[in-house]
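Understanding the architecture of this molecule
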Amino acid sequence: MGERIRDFSVRHTILFCIAVEIAGLAALIIFGGIIVLALPEADYYIQMLLQETAAAALAWWMMKVCGMGDVVKKKGYGFASGLLAGMYFLVIGIYSLVVFLFLRLFTVAVYPASVSVRPWYLILPYVLCMMMVGVFEEFLFRGIIAGKLLRHFGATSRGVWKAVILSGVLFGCAHLINLRGSSVTGVLVQCAVTVMMGMAFTAVYFRSGCIWAPAFLHGFVDVAAGSLTGVFDTGTTIAGTVSAYTPIQLLGAIPYIIALLVILRPAMMAEVLALWNRREHIGPAGEEKREKAAGKTGREE
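To keep things clear, this report deals only with the structure shown in the data block. (Residues numbered from 1 in each chain as written. Predicted model: local features only at pLDDT ≥ 70, side-chain atom pairs only at ≥ 80, totals over all residues. Heavy atoms only, no water.)

What follows is about the overall build of the protein chain. For the protein chain, the count of helices and strands is 14 helices and 0 strands. The N-to-C order of helical and strand elements in the protein chain reads α-α-α-α-α-α-α-α-α-α-α-α-α-α. By the burial criterion, 49% of the 301 residues in the protein chain qualify as buried. As displayed, the protein chain has an accessible area near 14300 Å², and 71% of this comes from carbon and sulfur atoms. (Helix = DSSP H or I, 4+ residues; strand = E, 2+ residues; numbered from the N terminus. Buried < 20%, exposed > 50% of the residue type's maximum accessible area, 1.4 Å probe, protein only. Areas by Shrake-Rupley, 256 points an atom, 1.4 Å probe, with all protein chains shown as cover.)

Shown next, in the form of structure tokens:
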């Protein structure tokens, strides 16, 4: 089965990536339903932690099946290099945490005094849950989808940008799943912003060659963004937060665009191409053209 899947992923890469996204999201929904039925009284973030952990395990298995299981072991330029490339995500995450927590703890006028801090044993699952969201989504969208797209388009500047843009669009579209519980306007705004976020995370992955760098940054940003619902008993859910998004939130995409252009500026693009040519031996031709050429040579011999 693995060989057939790999062959399909080479010959029909874009269709394969769409199928991987649909399969991953479908599994996420199924896991969530099973966990809610099995643990109906558990805290929301404990349920979600189990759901995301199961989905991350599935994404890892999917990487192995399509011949990319070693992605989790490869270091590229290193984890620290990835954090440096994605410094914006660290800065915005720390800023969000400081602002949200400061406003809640010291500005009673902004948040009702009746809202209490959740106990540590419920905050911890929230933090772990958000970090696991990063692991699952980076395994799926960067480890499999972006990696396959780069192999398809080839390790050239144009190939990198094609893989970055298409993987970002697929990542943004994945958030349409939130239409199950959030407003249409809120979800569409979220999708538009996450397209740019996905592109920036792909750039971090391509720049560092280490999947754990974008996974950590992704999780950290999610921890910061949802801290009001994860740390405090505000009565607000993630679905409610998304429903509250308005078109003004589209401005949030601008920093991701800037980060993307900085990470993949011409001076850095040379390092990206050197890394992926050396590590994956992709080359300018791409995976499909290489295999076709190899097949033709084999027949001639």
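Still more ground to cover, so stick around.
One way to put it is that helix H8 (residues 184-208) packs onto helix H12 (residues 253-263) with a least axis distance of 9 Å and a crossing angle of 25°. As the angle between them shows, H8 and H12 are arranged roughly parallel. The hand of the H8/H12 crossing is left-handed. Where H8 abuts H12, its residues Val193, Met196, Met197, Met199, Ala200, Ala203, Val204 and Arg207 lie against Ala253, Tyr256, Ile257, Leu260 and Ile263. For the contact of H8 with H12, a count of residues per class yields 12 nonpolar, no polar and 1 charged. (Axes fitted to C-alpha atoms, helices over the stretch in contact; angles between N-to-C directions. Parallel < 35°, antiparallel > 145°, perpendicular 65-115°, else oblique. Left-handed = near helix turned anticlockwise from the far one by under 90°. Contact = heavy atoms within 4.5 Å. Nonpolar A, V, L, I, M, F, W, Y, C, P; charged D, E, K, R; others polar.)

Okay, the packing of helix H2 (residues 13-38) against helix H3 (residues 44-65) next. As a packed pair, H2 and H3 sit with axes 9 Å apart at the nearest point and diverge in direction by 145°. Our pair here, H2 against H3, has a crossing hand that is right-handed. Along its contact with H2, which presents Val20, Ala23, Ala27, Leu28, Ile29, Phe31, Gly32, Ile35 and Val36, the element H3 presents Gln47, Leu50, Gln51, Glu52, Ala54, Ala55, Leu58 and Met62.

Counting 61 residues, the largest nonpolar core has Phe89, Ile144, Val160, Phe206 and Leu264 as the members making the most contacts within it. With 11 residues, the top contributor of residues to this core is H8. Residues Tyr45, Cys129, Met130 and Val133 belong to the second largest nonpolar core, which totals 8 residues. (Core = buried A, V, L, I, M, F, W, Y, C linked by side-chain atoms within 4.5 Å.)

Another aspect to go through is the pattern of salt bridges. In total, this model carries 5 salt bridges according to the counting rule given. Between Arg11 and Asp7 there is a salt bridge; the shortest N-O distance is 3.0 Å. Placement of the pair is Arg11 and Asp7 together in helix H1 (residues 2-11), with a separation of 4 residues, close to one helical turn. Residue classification places Arg11 among the partly exposed positions, given a relative accessible area of 47%. Across the salt bridge formed by Arg207 and Glu271, the nearest N and O atoms sit 2.8 Å from each other. Remark: Glu271 occurs in helix H13 (residues 266-280) and Arg207 occurs in helix H8; sequence separation between them is 64 residues. When its relative accessible area of 31% is taken as the criterion, Glu271 is described as partly exposed. (Salt bridge = Lys/Arg side-chain N within 4 Å of Asp/Glu carboxyl O.)

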